[in-house]
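# Coordinate inspection notes
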Amino acid sequence: MVTMPDSTVAALAKYEPVIGLEVHVQLLTATKIFCSCSTQFGAPPNTNVCPVCLGMPGVLPVLNRKAVEFAVLAAMSLNCRINETSIFARKNYFYPDLPKGYQISQYDKPLAEFGWIELKQDADKKKVGITRIHLEEDAGKSLHEGFADAAEKTAIDLNRTGVPLIEIVSEPDMSTPEQAYEYLTLLKEIILYTGVSDCNMEEGSLRCDANISVRPRGQKEFGTKTEIKNVNSFRFVREALEYEIARQIEVIESGGKITQETRLYNPNEGKTYGMRSKEQAHDYRYFPEPDLLPLVVDEKWRGEIAKRLPELPEARRARLVKDYGITDYDAGVLTDSKELVDQFEAAAKAAKNPKRVANLVQGELLGRLKAKGLHIGASPVTMQGVAMSADLVESGAISGKMLKDLYDLSFERGKDFPVVYEEEGRPVQSSDTSALEKIIDELITANPKQVEQYRAGKKTMIGFFVGQVMKASKGQANPQIVNELLAKKLEG
Ligand SMILES: [Zn+2]
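Attention in this report is confined to the structure presented alongside it. In this convention, every chain numbers its residues from 1, walking through the sequence in written order. A pLDDT threshold of at least 70 governs which residues receive local features in this predicted model, and a stricter bar of 80 or more applies before side-chain atom pairs are shown or counted, although totals over entire chains, interfaces and linings include all residues. For the side-chain quantities, the full set of heavy atoms in the structure was used; hydrogens and water were omitted.

## Section: the environment of Lys-338
Here a strand is any run of E in DSSP of at least two residues, a helix any run of H or I of at least four, and the numbering for each starts at the N terminus. Within the fold, Lys-338 resides in helix 8 (residues 338–350). Measuring from C-alpha to C-alpha, the distance between Lys-338 and Gly-414 comes to 24 Å, with 76 residues separating the pair along the chain. Pairs of residues are marked as contacts when any of their non-hydrogen atoms sit within 4.5 Å. Other than its neighbours up to four places away in sequence, Lys-338 contacts Tyr-193, Pro-310 and Arg-316.

Written as structure tokens, this is what we have:
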């Protein structure tokens, strides 16, 4: 974490940061955007390639319909207007990982525009605008390590060349690194819900560049911006922005000028470094791609895609609170991933008391999963198990303590709750009142002082006795019955 020097904190009263984000998201199609090569990650280098994605002379691109549908779905989930006609354009530049010498992207007529994401942290629920979302192909990858001669040579893997991407460009609407962090978190959550990308940052399925400038508060014109490129975690984006804001203010305060440039963030040092200035920046010589027709997404097609738009996280949280009588906090935890909330809802519908299911998932399941480093999909206790266990507690057949023990056994044995419940001989909590009465009578004889206190009006003393009875019954007693019996006996 970068700590801002006191001078910066003071200067922030004078300066306002202006932040915009560009996010590249890889679409989860089985094949590439303009050819039928596989998009599978981790295949041996240069095996998922063909003349089209290698940019051989004379080949023609054929647009992948699925990539368009995924891009439209993402754009709809981010409240964008889908343009009926958009145009592919060539972005020309020379780089070893780009065999054609140009990237097919979209320029002045993108697929979608005018979207937004609403931030929640600020009291005023700030809306961050999304300028545009366009479709493009990914470039290949230069490799600098992990092969023989890596010290002298650079290798190239073109498997990624032609993998479909969307670029999501925000308005410069954010003014703090925290807002940028929240925007990215919400963006990723929404995209994950739509299922069009796995947003896996380690594998490069989600990449982020940040534009940042500062200006005196009250000034309308933007200051000179720098672009921080290729930051590979949201935390690092936040840190890089914190560093860059402090750096820019310091330069201006000491009478200097900000150079418009691309900078790289070094997370080990917590600093950004200049990479190339605007003078060296590329002139991409965009022009319409002559080998592709204009992309037309008409109303009918838009309508078909819209039907596949799932309920998005924010709407889902609101509905969970309403449908299951749980708190906003519970809803937030349970919608952490689509898989979790889908499973939770299945269990909540199957069980008698949905609120109890919500408590069980949070109180008994998620903690145990975290301790074991397991994903919800790998949980030994399935949601059918959760529903069953919730009903057993609900009916009084087992106690909360017994449920905890059975969950422990499930995780130890890697078996689902119903299996362990059978293996343990379908245990039931004791509601055999004669046995309980015997225990209580013994306790009353053994603890005359506490009985006296209770009878003198200290009614909370019943908790002491409940605890003793539960201990004596090894957690098998039904707490409700214990309470009733105790109240009766203690009144004498
Ligand atoms: Zn190919």
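## Digging into the nonpolar core
Here is a general trend for soluble globular proteins: nonpolar side chains tend to be buried in one another's company. Throughout this description, the term nonpolar core refers to a set of buried Ala, Val, Leu, Ile, Met, Phe, Trp, Tyr and Cys residues connected via side-chain atoms within 4.5 Å. Working definition: with a 1.4 Å probe on protein chains only, accessible area under 20% of the residue-type maximum means buried, over 50% means exposed, and in between means partly exposed. Residues Leu-21, Ile-168 and Tyr-183 are the most contacted members of the largest nonpolar core, which totals 103 residues. Looking at this core, the element that brings in the most residues is helix 2 (residues 65–77), giving nine residues. For Leu-21, the residues in contact, after removing those within four places along its chain, are Ile-168, Val-169, Ser-170, Met-174, Ala-180, Tyr-183, Leu-184, Cys-208, Asp-209, Ala-210 and Val-237. In this structure, Ile-444, Val-451, Phe-465 and Leu-486 belong to the second largest nonpolar core, which totals 19 residues.

## Some words on the pattern of salt bridges
The rule for a salt bridge is simple: a side-chain nitrogen of Lys or Arg has to be within 4 Å of a carboxyl oxygen of Asp or Glu. Enumeration over the complete set of coordinates arrives at 43 salt bridges. The salt bridge partner of Arg-368 is Glu-364, with a shortest N-O separation of 2.8 Å. With Arg-368 and Glu-364 both in helix 9 (residues 354–372) and four residues apart, the pair spans about one turn of that helix. On the basis of relative accessible area, Glu-364 is assigned to the buried category, the value being 11%. A salt bridge links Glu-442 to Lys-438; the shortest N-O distance between them is 3.7 Å. Of the two residues, Glu-442 and Lys-438 are both situated in helix 13 (residues 433–446); the distance of four residues between them amounts to about one turn of the helix. When its relative accessible area of 47% is taken as the criterion, Glu-442 is described as partly exposed. In the salt-bridge network here, residues are joined through shared partners; they are Glu-311, Arg-316, Arg-319, Asp-323, Lys-338, Asp-342 and Glu-345.

## Remarks on the sheet that holds strand 5 (residues 102–106)
Strand order in the open sheet formed by three strands is 5-4-15, with antiparallel pairing between adjacent strands. One side of each edge strand has no neighbouring strand; the edge strands of this open sheet are strand 5 and strand 15 (287–288). Strands qualify as paired when DSSP identifies two bridges or more between them. Sheet topology places strand 4 (residues 88–92) next to strand 5; five bridges connect them, and they run antiparallel. The residue bridging Lys-91 from the neighbouring strand is Gln-103, located in strand 5.

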